[in-house]
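Remarks on the overall topology
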2 protein chains.
Amino acid sequence: MAGDGTDQRALQYEQTLMYGRYTQELGVYAKEEAARLRESGQRRSVSERSRTFDLLEYDKGRCAKCRICTVRCQKFLISRVGEDWIFLILLGLLMALVSWVVDFCIAICLQAQKWMYGGLDSNVFLQYLAWVTYPVVLITFSAGFTQILAPQAVGSGIPEMKTILRGVVLKEYLTFKTFVAKVIGLTCALGSGMPLGKEGPFVHIASLCAALLSKFMSLFGGIYENESRNIEMLAAACAVGVGCCFAAPIGGVLFSIEVTSTFFAVRNYWRGFFAATFSAFIFRVLAVWNRDEETITALFKTRFRLDFPFDLQELPAFAVIGIASGFGGALFVYLNRLIVQFIRNQKAINRFLMKKRLLYPALVTLLISTLTFPPGFGQFMAGKLTQKESLVTLLDNRTWAKQGIAEEFDYIGHSQAWQHPQVNVFVTLVIFIVMKFWMSALATTIPVPCGAFMPVFVIGAAFGRLVGESMAAWFPDGINTDGTIYPIVPGGYAVVGAAALSGAVTHTVSTAVIVFELTGQISHILPVMIAVILANAVAQSLQPSLYDSIIRIKKLPYLPELGWGHHEKYNIRVEDIMVRDVRYITLNCCYRDLHNVLLTGHLKTLALVESAASMILLGSIERAQLQSLLSLQLGRPRRLEFIRERATAEKKRLSVVSNSDAEDDHRRASQEVRFQISTEESSFSPTRPVPQKPLKPALKRPSVVERPIDIPIGSQDHSSNSSLKNLFCASPDAELMEDDDVVEDDMTIREIAEWEEMQLDEQVNFNNCKIDPAPFQLVERTSLHKTHTIFSLLGLDHAYVTSIGRLIGVVSLKELRKAIEGSVTVKGVKVRPPLASFRDSGTSSSENEATELHNLWDREKRMSLPGEHTPPESDEKSQ
Amino acid sequence: MAGDGTDQRALQYEQTLMYGRYTQELGVYAKEEAARLRESGQRRSVSERSRTFDLLEYDKGRCAKCRICTVRCQKFLISRVGEDWIFLILLGLLMALVSWVVDFCIAICLQAQKWMYGGLDSNVFLQYLAWVTYPVVLITFSAGFTQILAPQAVGSGIPEMKTILRGVVLKEYLTFKTFVAKVIGLTCALGSGMPLGKEGPFVHIASLCAALLSKFMSLFGGIYENESRNIEMLAAACAVGVGCCFAAPIGGVLFSIEVTSTFFAVRNYWRGFFAATFSAFIFRVLAVWNRDEETITALFKTRFRLDFPFDLQELPAFAVIGIASGFGGALFVYLNRLIVQFIRNQKAINRFLMKKRLLYPALVTLLISTLTFPPGFGQFMAGKLTQKESLVTLLDNRTWAKQGIAEEFDYIGHSQAWQHPQVNVFVTLVIFIVMKFWMSALATTIPVPCGAFMPVFVIGAAFGRLVGESMAAWFPDGINTDGTIYPIVPGGYAVVGAAALSGAVTHTVSTAVIVFELTGQISHILPVMIAVILANAVAQSLQPSLYDSIIRIKKLPYLPELGWGHHEKYNIRVEDIMVRDVRYITLNCCYRDLHNVLLTGHLKTLALVESAASMILLGSIERAQLQSLLSLQLGRPRRLEFIRERATAEKKRLSVVSNSDAEDDHRRASQEVRFQISTEESSFSPTRPVPQKPLKPALKRPSVVERPIDIPIGSQDHSSNSSLKNLFCASPDAELMEDDDVVEDDMTIREIAEWEEMQLDEQVNFNNCKIDPAPFQLVERTSLHKTHTIFSLLGLDHAYVTSIGRLIGVVSLKELRKAIEGSVTVKGVKVRPPLASFRDSGTSSSENEATELHNLWDREKRMSLPGEHTPPESDEKSQ
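Just so we're clear, the structure is a prediction, and the values are computed from it rather than from any experiment.

Some remarks on the overall build of chain A
A count of helical and extended segments in chain A gives 34 helices and eight strands. When each of the 879 residues of chain A is scored for burial, the buried share is 58%. Put simply, of all contacts in chain A between residues at least 6 apart along the chain, 77% involve residues at least 24 apart. Only carbon and sulfur atoms are counted for the fraction: they give 60% of the accessible area of chain A, which is about 37400 Å².

This is how it looks when you write it as structure tokens:
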């Protein structure tokens, strides 16, 4: 308590600081700053004036003022162009336009189908043909178009954006070609009337827009080159994508954060809000301008009563919707993955479909559109409604089934579609939900640009409507017993269901906000939030989110999230999961070591340590850098130089008496052979297979290096060494050079091999090599939780584990992934890591993470050993 | 383009992976996992069965089954208690109750005031006395109570939470005392009717709740000890605080994120949503249960029309509100700071107020309540309305001033308060805005628990209402010209104004969401978003947020945000701002170096390098660790041991013939002096001032070490050395020990000084010292932007700058702060850092950040120099 007293006194002091103490600092600071500002302002105006004067001097014509004005304007514009908000406004404007145009085209496509279908109502068969052919053609075109122009445009794009925002560079995902393919492909795909969504692709399209705009605007200034800024802009673009798709700025920002980020910089927040709001605003203004709407309102406006939106006693029903949606969402993700895997596993189907790439989309479309044919099975599932129309009718604030019978079903508009003379409206809804469920899961596997959000949203709304109608039938006069009759609003249930199911599939909470913005009403906030949270809780414990599922299917580099409150994460430490056998190079290693390390390792970067004895980590070098070092050392230019030097030395030797005869003999011997086997050399040259350029994977961060497959057969026992040149000199210009001055290269294979052997024994010169001098380091005691945080915060690929400067291990994304998945899957049962039993997990982590100095002393002793810098020791490390 | 082709091919391959390729992995994985699960399940059930069996064996009584059941239940409960969601539910429940009780008490307080005021309507003077005395008493009580119980409870609490969530430990801020003080103080303060808010304190209260609950629940399991988990829970608690205060779960989560975090972990998202939703739900259910409401609805429900909420042509008016609110918000923050500074600067006032701590609150309250006295000046500013009533009337969906005259002002309820027989409603509104503006700025400086959000919110609403009424007077039939008359809704303007002004003051966008949740209507989403964004843009460029302003006033450790698109940030590098003269210690340094370094440095941790020549960074050591090392070396126990050893050696020498005479003589000489000056030693002992325990600052992370002030006068020239003991042995038990066995300590001061000199020349043994083996490292070329990101991501205090393992500088929060503020304040004019002109900022950053190896080679050369481990060299570094 004595300590407490002191602290309290200190705090009182601290506290009164704000209210009773004189501190000069702020005032003085402000004055200084003001002075500085004034001064710099003067300086600026002086320099500007002098510049103006120069211009006047220079141009004595009468339009001098004009020119000065123009120059100034230009300068101003260019300086402003670099500002973020200009970029964001342009992005928002562009995306709003794109979104509106796409929507417009989709609407025309759908109208055209309806018109065809309506015009042929004399003949059912013709009607069927029209109903089916139209989407098949559109989908096939979309699939073919994207396949030819840019296959990266296929799918939702959110998984890829998640990966890109994690810091991984996915090539070709942000090019103009992809943009065109995605926009046109998406329009056609959605115009076909299939149960596909627009949201995911729009995230991708917005990111494409941002990347292209960034490139375009970098013509005006250098600032757009910055990588971290690009990532910030991409994050904002994702928000814009969702925002302009649903006219939901807030929901868009939140959804994009939840879906794409692991850690979010709050300072980027305003960017997303700014751009998304502007975009949503323009998007809705375009609708007003096009006379679709009288003023700016929500996309799917609802008109529920405000006074008494729901009764407290209805909450259990909402909770049921949430839990059921959770299971449904997990099932949807599972079903989607199952379909993909089924098609992959059936080799016969697979082989056939691979040949005819467009057959799969066509078949799927045919199946789905056949089933929705309105005079056929479609009559039981409101098949003639488009996705948008279904949603509007589902969110309707009137009750469809009073007393459980559909007899009062006399509304004008699309709601009629849900009415069937023979069948109850409940049956219609159930059929709709079941059919749409598997149809959506199937349709989203078609290789066209498409998302799954909207279909899921509609299914959720239908499910909610079903529950709501049941409640309305059960309590025809409402639940409230206080006198006033407040009938149940099934439309509110539909809203809740839509938010819950889409939240469960995407593992997000912000679908709640999207729903409010879409419907323009927030009165159901508590039911929606409760349902969404319950749905998330259920779905997250059963399946990964749809996007994570696709990431796994596509094998994109990812880091799984830590689950909901898995404590064991706090007890696993880095030392339990790290790889102790680190590939490293020493400062004084020779090229042979480099060669060996490159052949055996697999990580993208290699650790550079001081020496094998001290193991002090100095930095990390990229594999590519080392490869280029090696290729430089063994490359043809260097050999040619060596030959030239040898020739010069020969000349010198001939003029001056030399005293190194042994070496000279050797050289002469090799020169003597020259003419003998020069033909063999030249004959070998063409037979040596031209090394194929390896197929670069889409990722710039491959975790597995391409092993050399095509070792030339010509050289016998030194094959691995002489093949090095082939391995590392694979760039076309290097080949060209070889063809150019082939005259001088007169070494035999054996000579080359010998020369290469000699070269390999030289010490590496790291001068021309880029070294990352501060690779990320962890300590043995760092907890898995902390490691995960750091990896996802900094977007790391790997981190070295050091103990007081000494490299003792490495942890890569792979190990981390394994560790997390291992303990996540085996729920409740703790997977004991190898060394866990030797630790007391009760001690606080801060104590554990500070290591004692025993190792350091050991090292000190070893350091004083003689001969640590000799080559033999440096050899031992690259076993 | 050749490269593009290859990439495309690779991508096609990648793409088809999902649709056409067989991969066994997922299936196999699932099977393996299933097998593992089954196995572990069996194992568990076996062990459980055996345990059950044991229990049965042990207890053969008839209620064995009962007991087993109890034990199982207990186990289940305890295991479940550790789960996050239980914690969050408890937290939500608790906070909802607290919020409701506080609201209830405030309502009673306010009613009491009204009742007193109403009962005394015969005498205006008595009425005035009652009107004024009541709040003065309440505020004074509140101020006194918090001052006595826990001064940390004063103020909003959001600045402190921001600091705590940044990783800084503020002591006493999360204790039970503070909780009690905050809750009771807040209730009294708000019950007084002053323009104070509830939001900020509720963030603090929720965090207190979370911290206390966490402590309580750690009785059941060890998991609650984890620091990172605590921070996660505190972040969730902040969301709960806002959520249960306004019944706004989504807005609460977003607001708390914006206000407290720099980087937000999306995996914490659900925690916030879950707890805030539950809390808001319970909070509103309590209202229903108390018969205040019929069902769960918004707190300040509005009833604007849904069909045509606003016309497109009204948007400029909304934009004007936004921009004006931006200026207003900045002015509010400035005014608030100005008042605090004015009171500090006026020394006379200051001295007087410091003496009578409760006078300032009383005076301010007196002033404000005098001005709002309804029969007095209050009649022109709706003085008799409470804050809540004002807000309800301002958000009313009816127009007050048709045709610019207030004659139709015949509504029942509180709206009458705005009507004045002589004065226009516009004048009332203007007076209200102006008066409340400075009143709120003044009231929030009172040292009671209070926030500024709600007062600002009300002022914003009034401003919006003013603009709305003006618009309604200007366009009596609405703006729309398409036939239907849609009159303008001034209430909508009030909503926009409230969101904009509160957004401007707090620098947040999420006030928009809070507004929707508070009013229960989202129809004005676009105007609100536009106004909030504009207000933020204006306010952020003029002033820091209110919370940041308080952080600066209170001098809490903080890191300013990077401003809106300041490009120059991308061009400053770490090398321009780092401190090159780093204090460090070497592995083989002696205690003297340690001593010197400790006396000169000021950072909390010191770098440990291999040697002064190599400068390879091995880790960092906390100052406290070094101090304890030094005190251990120079401490009394060690000296006594030395004396004992010397005595033993003496004895040995007497029995055995020794051959080291010189040393022995020295020892004998010192022994001879022993009896002569032993009295002087003992007389000196009590005169030595007992070192005062330094007042611990509230922060656990002080950046300035306490310099030794009280050097004992007794010792002449070795004073600094012998004072070391005083400096480092200040703990009371050390003093006690000295008193215990004073018998043996018979060394003179000179002897002690000599001994200490000797000790100081010994090499430091780091064995008992905790070393952080992986302090965070940056590179010279790291940009300021990246540095800021890393510092705020990881909550760093300082980072070392290394170049290929060599320590070359250090950057602390201070340098970073200076660099950011320097370039933020001088807007548009780039402050050129010293070395900036030598750099070309056009090159890409990735190239810059990889350093070449020149330094390394230089170092290598130096490394091979002989004698680098000899003491003379290690001396040179600790100048």
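There is more to say, and it comes next.
Quick look at helix H11 (residues 269-289) of chain A
Residues and elements named next belong to chain A. Compared with an ideal rise of 1.5 Å per residue, which puts 21 residues at 30 Å, H11 spans 30 Å between its outermost C-alpha atoms and is within 8% of the ideal. Across the 21 residues that make up H11, a large majority, 18, are buried. Of the residues flanking the end of H11, it is Arg 291, one or two places downstream, whose phi is positive at about 65°.

What to know about the nonpolar core
Counting residues in hydrophobic clusters, the biggest one holds 319 residues, and the most contacted among them are Ile 250 of chain A together with Ile 250 of chain B. With residues near it in sequence (within four places) discarded, Ile 250 of chain A still touches Phe 273, Val 513 and Glu 517 of chain A together with Leu 254, Val 513, Phe 516, Ile 525 and Met 529 of chain B. By size, the runner-up hydrophobic cluster in this structure holds 42 residues, among which are Leu 629 of chain A together with Ile 585, Leu 594 and Cys 769 of chain B.

Remarks on the side chain of Ser 523 of chain B
Positionally, Ser 523 of chain B belongs in the loop between helix H19 (511-519) and helix H20 (525-542). For Ser 523 of chain B, the residues in contact, after removing those within four places along its chain, are Gly 520 of chain A together with Pro 309 and Phe 310 of chain B.

Some remarks on the pairing of strand S3 (residues 605-609) of chain A
Residue and element names in this part refer to chain A. Most of S3 is tucked away: five of the five residues are buried. A two-sided burial pattern is seen for S3, the buried positions comprising Thr 605, Ala 607 and Val 609 on one face and Leu 606 and Leu 608 on the other. One ladder, built from five bridges, connects S3 with strand S4 (residues 617-622); its direction is antiparallel. Across the sheet, the residue bridging to Leu 608 is Gly 619, located in S4.

Here's the deal with the sheet that holds strand S2 (residues 584-586) of chain A
Residues and elements named next belong to chain A. Pairing is mixed in the open sheet, where four strands are placed in the order S2-S3-S4-S5. Lying at the two open borders of the sheet, with one neighbouring strand each, are S2 and strand S5 (771-772). Its contacts with the sheet place helix H24 (residues 623-634) against S2, S3 and S4, and it is angled at close to 75° to S4.

Considerations on the domain arrangement of chain A
Residue and element names in this part refer to chain A. Splitting chain A by domain gives domain 1 (80-290) and domain 2 (312-371 + 378-401 + 414-558). Computed from C-alpha coordinates alone, the two centres of domain 1 and domain 2 are separated by 22 Å. Contacts between the two partners involve 47 residues from domain 1, matched on the other side by 44 residues from domain 2. For domain 1, the biggest contributors to the area lost against domain 2 are Pro 195, Leu 196 and Phe 246; these three give 17% of the whole. Scanning the region where domain 1 abuts domain 2 turns up three salt bridges. As a salt-bridge pair, Asp 548 and Lys 162 come within 2.9 Å of each other at their nearest N and O atoms. Across the contact surface, domain 1 and domain 2 share 15 residue pairs in polar contact (both at pLDDT 80 or more). Put simply, the parts of the chain that give the side of domain 1 that touches domain 2 at least two residues each are helix H4 (84-119), helix H5 (124-149), helix H6 (158-165), helix H7 (176-191), helix H8 (199-217), helix H9 (227-246) and helix H10 (249-260). Top element by residues in the side of domain 1 that touches domain 2 is H5. It accounts for twelve residues.

Comments concerning the pattern of salt bridges
A complete count under the given rule lists eleven salt bridges over all chains for this structure. In this structure, Asp 103 of chain A and Lys 198 of chain A form a salt bridge, with 2.7 Å as the shortest nitrogen-oxygen distance. You can see Asp 103 of chain A sitting in helix H4 and its partner Lys 198 of chain A sitting in the loop between H7 and H8, a full 95 residues away along the chain. For Asp 103 of chain A, a relative accessible area of 24% translates into the label partly exposed. Across the pair Glu 469 of chain B and Arg 465 of chain B runs a salt bridge, and its minimum N-O distance is 2.6 Å. Placement of both Glu 469 of chain B and Arg 465 of chain B in helix H17 (residues 453-474) is noted, with a separation of four residues, approximately one turn of the helix.

Concerning the sheet that holds strand S4 (residues 617-622) of chain B
Residue and element names in this part refer to chain B. Spatially, the four strands line up as an open sheet ordered S2-S3-S4-S5, and their pairing is mixed. Unpaired on one side and paired on the other, strand S2 (584-586) and strand S5 (771-772) mark the two borders of the sheet. Its contacts with the sheet put helix H24 (residues 623-634) on S2, strand S3 (605-609) and S4, and the angle it makes with S4 is roughly 80°.

Quick notes on the state of the cysteines
Residues and elements named next belong to chain B. All chains considered together, the criterion is met by zero disulfides over all chains. Counting only cysteine sulfurs, Cys 188 is the nearest neighbor of Cys 109, a cysteine outside any disulfide, at a range of 6.5 Å. Cys 109 gets classed as buried once you look at its relative accessible area, which sits at 15%. Considering cysteine sulfurs only, Cys 589 is the nearest to Cys 590, which forms no disulfide, with 6.5 Å between them.

Notes on the environment of Leu 126 of chain B
By the element assignment, Leu 126 of chain B lies in helix H5 (residues 124-149). In this structure Leu 126 of chain B comes out as partly exposed when scored by relative accessible area, which is 38%.

Comments concerning the confidence of the model for chain A
Residues and elements named next belong to chain A. Considering every residue of chain A, the mean pLDDT works out to 72; 69% of them sit at 70 or more. Within the model, pLDDT remains below 50 along residues 823-879, and this stretch shows 107 contacts once partners closer than five positions in the same chain are excluded. Two summary scores accompany this predicted model of the complex, namely pTM at 0.71 and ipTM at 0.70.

Here we look at the packing of helix H7 (residues 176-191) of chain B against helix H8 (residues 199-217) of chain B
Working note: a packed helix pair is described by the angle between its axes plus the distance between those axes. Residues and elements named next belong to chain B. Remark: H7 packs on H8, axes separated minimally by 10 Å, with the N-to-C direction vectors making an angle of 150°. When the axes of H7 and H8 are compared, the pair comes out roughly antiparallel. By crossing handedness, the relation of H7 to H8 is classed as left-handed. Side by side, H7 and H8 meet where Phe 176, Thr 178, Phe 179, Lys 182, Val 183 and Leu 186 of the first sit next to Pro 201, Phe 202, His 204, Ile 205, Leu 208, Cys 209 and Leu 212 of the second. By residue class, the composition of the contact of H7 with H8 is ten nonpolar, two polar and one charged.

Some details on the pairing of S4 of chain A
All names here are of chain A. The element S4 is extensively covered by neighbouring structure, given that five of its six residues are classed as buried. Where S4 meets S5, two bridges bridge the pair, whose relative direction is antiparallel. The partner of Ser 620 across the bridge, within S5, is Asp 772.

Brief notes about the packing of aromatic side chains
Tallied over the full model, the rule gives 34 aromatic pairs over all chains. Residues Phe 246 of chain B and Phe 453 of chain B carry aromatic rings whose centres are separated by 5.5 Å and whose planes lie at 40° to one another, so their mutual orientation is tilted. Of this pair, Phe 246 of chain B sits in helix H9 (residues 227-246) while Phe 453 of chain B sits in helix H17; the two residues are 207 residues apart in sequence, bridging distant segments of the chain. Residue classification places Phe 453 of chain B among the buried positions, given a relative accessible area of 3%. Across from the ring centre of Phe 202 of chain A, 4.8 Å away, lies the NZ or CZ of Lys 198 of chain A, which sits over that ring.

Digging into unusual backbone geometry
Residue and element names in this part refer to chain A. In this structure, Ala 247 is a non-glycine residue whose phi angle is positive, near 55°. Topologically, Ala 247 is positioned in the loop between H9 and H10. Taking the relative accessible area as the measure of exposure, Ala 247 reaches 11% and is therefore buried.

Some words on a nonpolar patch on the surface
Residue and element names in this part refer to chain A. A contiguous nonpolar surface patch, about 210 Å² in accessible area, is contributed by Leu 90, Leu 93 and Leu 97. Note that Leu 93 resides in helix H4. Among the residues examined, Leu 93 registers a relative accessible area of 33% and is labelled partly exposed.

Points about the packing of helix H6 (residues 158-165) of chain B against helix H10 (residues 249-260) of chain B
Residues and elements named next belong to chain B. Interaxial distance between H6 and H10 falls to 9 Å at its minimum, and their mutual angle equals 70°. For the element pair H6 / H10, the angle class is roughly perpendicular. Within the contact between the two elements, H6 uses Ile 158, Met 161, Lys 162 and Leu 165 and H10 uses Phe 255, Val 259 and Thr 260. Its residues placed into classes, the contact of H6 with H10 shows five nonpolar, one polar and one charged.

Remarks on the environment of Ser 812 of chain A
By the element assignment, Ser 812 of chain A lies in strand S8 (residues 806-812). Remark: the alpha-carbon pair of Ser 812 of chain A and Ile 577 of chain A, spanning 235 residues in sequence, is separated by 9.6 Å.

What counts, and at which threshold
- Residues numbered from 1 in each chain as written.
- Chains lettered and ligands numbered in written order.
- Predicted model: local features only at pLDDT ≥ 70, side-chain atom pairs only at ≥ 80, totals over all residues.
- Heavy atoms only, no water.
- Helix = DSSP H or I, 4+ residues; strand = E, 2+ residues; numbered from the N terminus.
- Buried < 20%, exposed > 50% of the residue type's maximum accessible area, 1.4 Å probe, protein only.
- Contact = heavy atoms within 4.5 Å.
- Areas by Shrake-Rupley, 256 points an atom, 1.4 Å probe, with all protein chains shown as cover.
- Expected span 1.5 Å × (residues − 1).
- Core = buried A, V, L, I, M, F, W, Y, C linked by side-chain atoms within 4.5 Å.
- Pairing = 2+ DSSP bridges.
- Axes fitted to C-alpha atoms, helices over the stretch in contact; angles between N-to-C directions.
- Domains from an automatic or database assignment.
- Buried area = accessible area lost by both parts, 1.4 Å probe.
- Salt bridge = Lys/Arg side-chain N within 4 Å of Asp/Glu carboxyl O.
- Polar contact = N/O pair within 3.5 Å; in protein donor to acceptor, adjacent residues only side chain to side chain.
- Disulfide = S-S within 2.5 Å.
- pLDDT = per-residue confidence, 0-100.
- Parallel < 35°, antiparallel > 145°, perpendicular 65-115°, else oblique.
- Left-handed = near helix turned anticlockwise from the far one by under 90°.
- Nonpolar A, V, L, I, M, F, W, Y, C, P; charged D, E, K, R; others polar.
- Phe/Tyr/Trp six-rings, centres within 6.5 Å; stacked < 30°, edge-to-face > 60°.
- Lys NZ or Arg CZ within 6 Å of the ring centre and 35° of its normal.
- Patch = residues over 30% accessible without salt bridge, like charges linked within 9 Å, V, L, I, M, F, W, Y side chains within 5 Å.

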